[in-house]
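Coordinate analysis (summary)
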Amino acid sequence: MNPQAKLIFVLSLILGTTITISSNHWATAWAGLEINTLAILPLISKSHHPRSIEAATKYFLTQAAASALVLFSSMTNAWHTGQWDITQLTHPVSCLILTSAIAIKLGLAPFHFWFPEVLQGSPLTTGLLLSTVMKFPPITLLFMTAHSLNPTLLTSMALLSTALGGWMGLNQTQTRKILAFSSISHLGWMAIIVSYSPKLTLLNFYLYAMMTAAVFLTLNATKVLKLSTLMTTWSKTPSLNAMLLLTLLSLAGLPPLTGFLPKWLIIQELTKQDMVLAAMVISLLSLLGLFFYLRLAYCATITLPPHTANHMKQWHNNKPIHCSIATLTIMSSMLLPISPLLSTIT
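Given the structure is predicted, the values throughout are model-derived calculations rather than measurements.

Conventions and cut-offs
- Residues numbered from 1 in each chain as written.
- Predicted model: local features only at pLDDT ≥ 70, side-chain atom pairs only at ≥ 80, totals over all residues.
- Heavy atoms only, no water.
- Helix = DSSP H or I, 4+ residues; strand = E, 2+ residues; numbered from the N terminus.
- Contact = heavy atoms within 4.5 Å.
- Buried < 20%, exposed > 50% of the residue type's maximum accessible area, 1.4 Å probe, protein only.
- Domains from an automatic or database assignment.
- Buried area = accessible area lost by both parts, 1.4 Å probe.
- Salt bridge = Lys/Arg side-chain N within 4 Å of Asp/Glu carboxyl O.
- Polar contact = N/O pair within 3.5 Å; in protein donor to acceptor, adjacent residues only side chain to side chain.
- Nonpolar A, V, L, I, M, F, W, Y, C, P; charged D, E, K, R; others polar.

Our focus in this paragraph is the side chain of Asn204. Here Asn204 is to be found in helix α10 (residues 198-222). Here Asn204 is in contact with His186, Trp189, Met190, Pro262 and Ile266, once residues within four sequence places are set aside.

The structure is reproduced here in structure tokens:
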């Protein structure tokens, strides 16, 4: 892709995200979401492969439907209450429609079917944007309207997301699809707590984005798209694979790594809200995700590939690890000691 064109698309992404997260009016928030959607489409389809074109088409259709629902929800609320302010969403029908719209935007179950397919058809760098940056504006809208939305509906969707994200990721062999189902599962943790402690949802999102960025950048550096390729990378970049192991275990939420922190705080908050059953169910469902993270970690660092012509050892690569991967990995594994500070903030 032309560097100038890529620069324009990236700047448009930053502009769209900034407009949405800084707006109080529904019309400007909707405009920011539209700018984001149009800016990411060329980045999804830049390889001109049929799968990329299919992914871009699916992404456009789902996001257009979600944007239309956001506009319909805000117009219905304005019609009944005379308010265009995002925080003044009070009409019950508008709240229901907006919950569906944000769920489609995020890929939250039961509206999650588009996300693994789109991620599978995108390059790894675009997949990173889709999993992190593109989810920030909808999460912000969810944060701003959390007090108006139905907690029971959000809890049901959250548990369904965690269950489906875990179950459907179990037998995947493509790394991008595994990370897509991982994203759906993590969104469940964010959605379940948003009505009770919206700041915890944002904290969870920031930490999830950081850990996912570390995984995507590592996979992009080693050019890994499926598990069979991941098995052969230990001979090429052993240090990078060791870092990938730490980040994957952190994503799984194992103590004493950073990923344990949001899960711990969310379970604590759910217990305070007398939602012990929901906390227990979502904790058990996260074990499904732990299985495929462990499988990825096992393939990356422990498995020796069969020594056939198809699985030749790759040349050892002495290129230095990029500082962004190193920084993100350190943060993904060592932020748990500052949890008292974060718990006072949230």
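There is more to say, and it comes next.
Tracing the sequence through the fold places Leu187 in helix α9 (residues 175-193). It is 7.6 Å that separates the C-alpha atoms of Leu187 and Thr162, two residues lying 25 residues apart in sequence. Aside from chain neighbours lying at most four places away, what touches Leu187 is Leu106, Gly107, Leu108, Lys135 and Ile139.

By secondary structure assignment, the location of Lys236 is in the loop between α11 (227-230) and α12 (238-252). Using a relative accessible area of 17% as the deciding quantity, one classes Lys236 as buried. Taking the C-alpha atoms as reference, Lys236 lies 58 Å from Ala78; in sequence the two are 158 residues apart.

On to the domain arrangement of the chain. Interfaces are often sized by the accessible area lost when the parts come together. Here the chain is partitioned into domain 1 (1-123) and domain 2 (150-345). Its C-alpha centre places domain 1 at a distance of 24 Å from the equivalent point of domain 2. With 17 residues of domain 1 in contact, the opposing surface of domain 2 contributes 19 residues. Regarding the contact of domain 1 and domain 2, the summed buried area is about 1500 Å², with carbon and sulfur atoms giving 75% of it. In this structure, the salt-bridge partner of Glu117 is Lys177, at a minimum N-O distance of 3.4 Å. In this structure, the connection of domain 1 to domain 2 is made through 5 residue pairs in polar contact (both at pLDDT 80 or more). Counting residues per element, the side of domain 1 that touches domain 2 draws most heavily on helix α5 (residues 114-120), which supplies 5 residues. A class-by-class count of the residues in the side of domain 1 that touches domain 2 yields 11 nonpolar, 5 polar and 1 charged.

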